[in-house]
Amino acid sequence: MWTGTLYALVAGLMWGLVFVGPLLVPEYPAALQSVGRHLAFGLIALPLAWLDRAALRQLARTDWIEALKLAAVGNLLYYLCLASAIQRAGGPLPTMIIGTLPVVIAVSANLRNARRDGRLPWARLAPSLLLIGAGIACVNQAELAALRAQSGADLSRYATGALLAFGAVACWTWYPLRNADWLRHHPGRSPRTWATAQGVATLPLALAGYALLWLLMGAGGNPFPMPFGPRPLFFIALMAAIGLFASWLGTLCWNEASQRLPTALAGQLIVFETLAALSYAFMLRGTPPGARTLLGIGLLVAGVAWATRVKPVPVEHPEAERL
């Protein structure tokens, strides 16, 4: 339990990096950031794939199709929605909406995977969900107050950003549930191999996306300097760092956590990503979080700690049926 929780924490720290990328290169289109990040992820995965080639050969055609689906939705589409949302609404609003993932995934998994993982009884799960929800609400209120203090805010742009962030939530509700399905159905497979397989599957998708974006921008007369934009060295270094830490290492740690924890509980631990993203955002701002934000962080941590104490009950158990 605690080893899985530690892996989920490291994954959250790595994934939090994706929230600051769009803030560091705001002049770059979100689509270019998405394909650039995952092109780096795919290239990083190639030497790892060579080292792990014996295990990768054991994957069937259906496994590679599943890896392509996970790469398309959980990597490219998710980051396209997230980067677009951050560019339109700034960092706080998308972080707020993505912060609902622990509750959304926990509820979805508890409804969907009870027979496989056992049910986390609602009566025992409720305090954890309430603490996490209250913590997210506190952080959200503080961030929204900061947004309202800004003059000349474009509400339609913020609304579009919010909708795109909800799209990212939909992608990342589907991804961990589907990814956990594969890992649980293949207990003899290495999470490292599966993370590398997803990186290899991402590479052709990212290459095709990069080429298509370059073609469309050229045909549309977009003056943006392709292929690497106005700050090529910084962009390449940023995409490589996010590709290595957020994509490959984050996926590896999450796979390790998914094999050790019930899906409903693992879903709640995505709260670590929210905490990391907020921490990085405050570092970029150069200002410490306020009292309300600190209270929210405390409630989030308390909710996660409470959740780790809840043990799944088999669905055939009378207590599970009653609750």
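Remember, predicted model here, so these are calculated numbers, not experimental data. Numbers given for residues are sequential positions, taken from 1 along each chain in its written order. Note on the predicted model: pLDDT of at least 70 is required for a residue's local features to be given, and 80 or more for side-chain atom pairs to be given and counted; whole-chain, interface and lining totals, by contrast, use all residues. The side-chain numbers reported here are obtained from all heavy atoms of the structure, hydrogens and water having been left aside.

Trainee: Just checking my understanding: could you explain the confidence of the model for the protein chain for this structure?
Mentor: In regions of low pLDDT, the predicted coordinates are not meant to be interpreted in detail. Averaged over every residue, the pLDDT of the protein chain is 84; residues scoring 70 or more account for 93%. This stretch, residues 318-323, has a pLDDT under 50; its non-local contacts, to residues over four places away or in other chains, come to eleven contacts. Per-residue confidence from the prediction method is given by pLDDT, with values spanning 0 to 100. Every residue pair with non-hydrogen atoms within 4.5 Å of one another is taken to be in contact.

Trainee: Would you mind showing me how to read the pattern of salt bridges here?
Mentor: Between side chains of opposite charge, a pair can form when the charged atoms approach closely. Salt bridge, as applied in this entry: a Lys or Arg side-chain nitrogen positioned within 4 Å of an Asp or Glu carboxyl oxygen. Applying the stated criterion across every chain, the model contains four salt bridges. With its nearest N and O atoms 2.7 Å apart, the salt bridge here joins Glu66 to Arg178. Placement of the pair is Glu66 in helix 5 (residues 61-89) and Arg178 in helix 10 (residues 155-185), with a sequence separation of 112 residues. Numbering of helices and strands runs from the N terminus; a helix is a DSSP stretch of H or I covering at least four residues, while a strand is a stretch of E covering at least two.

Trainee: What should I look at first to understand a nonpolar patch on the surface in this one?
Mentor: For patch detection, residues must exceed 30% relative accessible area and be free of salt bridges, and they are connected within 9 Å for like charges or within 5 Å for nonpolar side chains (Val, Leu, Ile, Met, Phe, Trp, Tyr). Accessible areas in this description were obtained via Shrake-Rupley with a 1.4 Å probe; residue shielding takes into account the shown protein chains only. Together, Leu6, Leu9 and Leu13 make up an exposed nonpolar region whose accessible area comes to about 240 Å². Its place among the elements puts Leu9 in helix 1 (residues 2-15).

Trainee: I'm lost on the side chain of Ser84 in this one. Help?
Mentor: With respect to the helices, strands and loops of the structure, Ser84 is situated in helix 5. Whether a residue is buried, partly exposed or exposed follows from its accessible area with a 1.4 Å probe, protein chains only, as a fraction of its type maximum: under 20%, in between, or over 50%, in that order. Exposure remark for Ser84: the relative accessible area of 9% places this residue in the buried category. A distance of 2.7 Å separates a polar side-chain atom of Ser84 from the backbone oxygen of Leu80. When sequence neighbours within four positions are dropped, the list of residues in contact with Ser84 reads Ala30 and Leu164. Counted as a polar contact is a pair of N or O atoms within 3.5 Å, where, for protein atoms, one must be capable of donating a hydrogen and the other of accepting one, and residues adjacent in sequence contribute only when both atoms are in side chains.

Trainee: Looking at this model, I keep getting lost on the packing of helix 9 (residues 122-148) against helix 15 (residues 291-307). Mind explaining?
Mentor: At a closest axis distance of 7 Å, the pairing of helix 9 and helix 15 adopts a crossing angle of 160°. By the criterion of interaxial angle, the relationship of helix 9 to helix 15 is roughly antiparallel. As for how helix 9 packs across helix 15, the hand of that crossing is left-handed. Taken together, the residues of helix 15 that come into contact with helix 9 (itself represented by Arg124, Pro127, Ser128, Leu131, Ile132, Ala134, Gly135, Ile136, Cys138, Val139, Gln141 and Ala142) are Arg292, Thr293, Leu295, Gly296, Ile297, Leu299, Leu300, Ala302, Gly303, Val304, Trp306 and Ala307. Residues are sorted three ways: Asp, Glu, Lys and Arg are charged, Ala, Val, Leu, Ile, Met, Phe, Trp, Tyr, Cys and Pro are nonpolar, and all the rest, Gly among them, are polar. Grouping the amino acids of the contact of helix 9 with helix 15 by side-chain chemistry returns 16 nonpolar, six polar and two charged. Axes, fitted as lines to C-alpha atoms, cover a helix only where it is in contact. Angles between the N-to-C directions of the axes lie from 0 to 180 degrees. Should an angle fall under 35 degrees it is called roughly parallel, over 145 degrees roughly antiparallel, and 65 to 115 degrees roughly perpendicular, with every other angle called oblique. By convention the crossing between two helices is left-handed if the near helix lies anticlockwise of the far one by an angle smaller than a right angle, and right-handed if it lies clockwise.

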